Amino acid sequence: MNRKLIASVVLMMALTAAGVFAQGFTNPDKWFTYDDKADRGNSKVSKASAFEQIDGRDVLSVTMTGEVTKKCAYGFIGIGVTPEPAELKALQGASGIAFKAAGDGRKYRVKVETSDIKDYDVYGFVFEAPKGAPVEISVPYAKMTQEGWGAKKKFKKENITKIQFQTIGQPIPTVELKIVDIRTIP
């Protein structure tokens, strides 16, 4: 095979892989909500999803709304996504994630759940969800940390299983967080 042909094949494979992930996280059925009810809390959460045009592409936006109460000492609500197999492979091979966020001006934590951390002290990163138009948030895995209340473990990207977005603090009478266009950082 000549070098031009090999280069063309490699380029096409890379573009195909990028295209698969660019289409990723577009299944609203893979998104879920969670709350503090298992910890005897009574916080409330709901989600809505819609497709939006960004940079000429249809991307899924997922909005979490609700309230966080103080009935549970560490009340919380969140949304998350279980990646499709191609998305999961892309996440495990990436150096981080990027997404757009908007909301109520509060801080939230994006969490990357891995199969080897069983005590819920998973790696994550705190970001602000500004009011108005969604802003780009880039989170290299190297900048993620555990919260520190569980067993200290090394982050292993090959063990990624889910991505979650969770409130910080309580009480919060009105929560609104919009997540748009999750992508990997090469």
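A few points on the structure. Remember, it's a predicted structure, so these values are computed and weren't measured experimentally. Sequence order sets the numbering: in each chain, residues are counted from 1 along the sequence as written. Local features in a predicted model are, by the rule used here, given only for residues with pLDDT of at least 70; side-chain atom pairs are given and counted only at 80 or more, and totals for whole chains, interfaces and linings are based on all residues. Where side-chain values are given, they derive from all heavy atoms of the structure, hydrogens and water being excluded.

Overview of the pattern of salt bridges
Only one rule defines a salt bridge in this text: a Lys or Arg side-chain nitrogen within 4 Å of an Asp or Glu carboxyl oxygen. One pass over the structure, following the stated rule, counts 10 salt bridges. Between Lys 100 and Asp 181 there is a salt bridge, with its nearest N and O atoms 3.8 Å apart. Here Asp 181 lies in strand β10 (residues 172-185) and Lys 100 lies in strand β5 (residues 96-103), a separation of 81 residues in the sequence. Accessibility assignment for this pair places Lys 100 and Asp 181 in one class, buried. Notably, a salt bridge pairs Glu 136 with Arg 183, separated by 2.2 Å at the nearest N-O pair. Within this pair, whereas Glu 136 is found in strand β8 (residues 135-140), its partner Arg 183 is found in strand β10, the two being separated by 47 residues in sequence. When salt bridges with common partners are traced through the structure, they connect Arg 57, Lys 100, Glu 136, Asp 181 and Arg 183 into a single cluster. Starting at the N terminus, helices and strands are each numbered in turn, a helix being any DSSP run of H or I of at least four residues and a strand any DSSP run of E of at least two. Each residue's exposure class comes from its accessible area (1.4 Å probe, protein chains only) as a fraction of the maximum for that residue type: buried when under 20%, exposed when over 50%, partly exposed otherwise.

Looking at unusual backbone geometry
The phi torsion of most residues other than glycine is negative, and most of the peptide bonds are trans. Of note, the bond from Gln 170 into Pro 171 is cis; its omega dihedral lies within 30 degrees of zero at -5°. In this structure, Arg 40 takes a positive phi of about 70° despite not being glycine. Summarising the element assignment, Arg 40 is placed in the loop between β1 (31-35) and β2 (44-54). What makes Arg 40 exposed here is its relative accessible area of 70%. Located in the positive-phi region is Asp 181, a residue other than glycine, with phi close to 60°.

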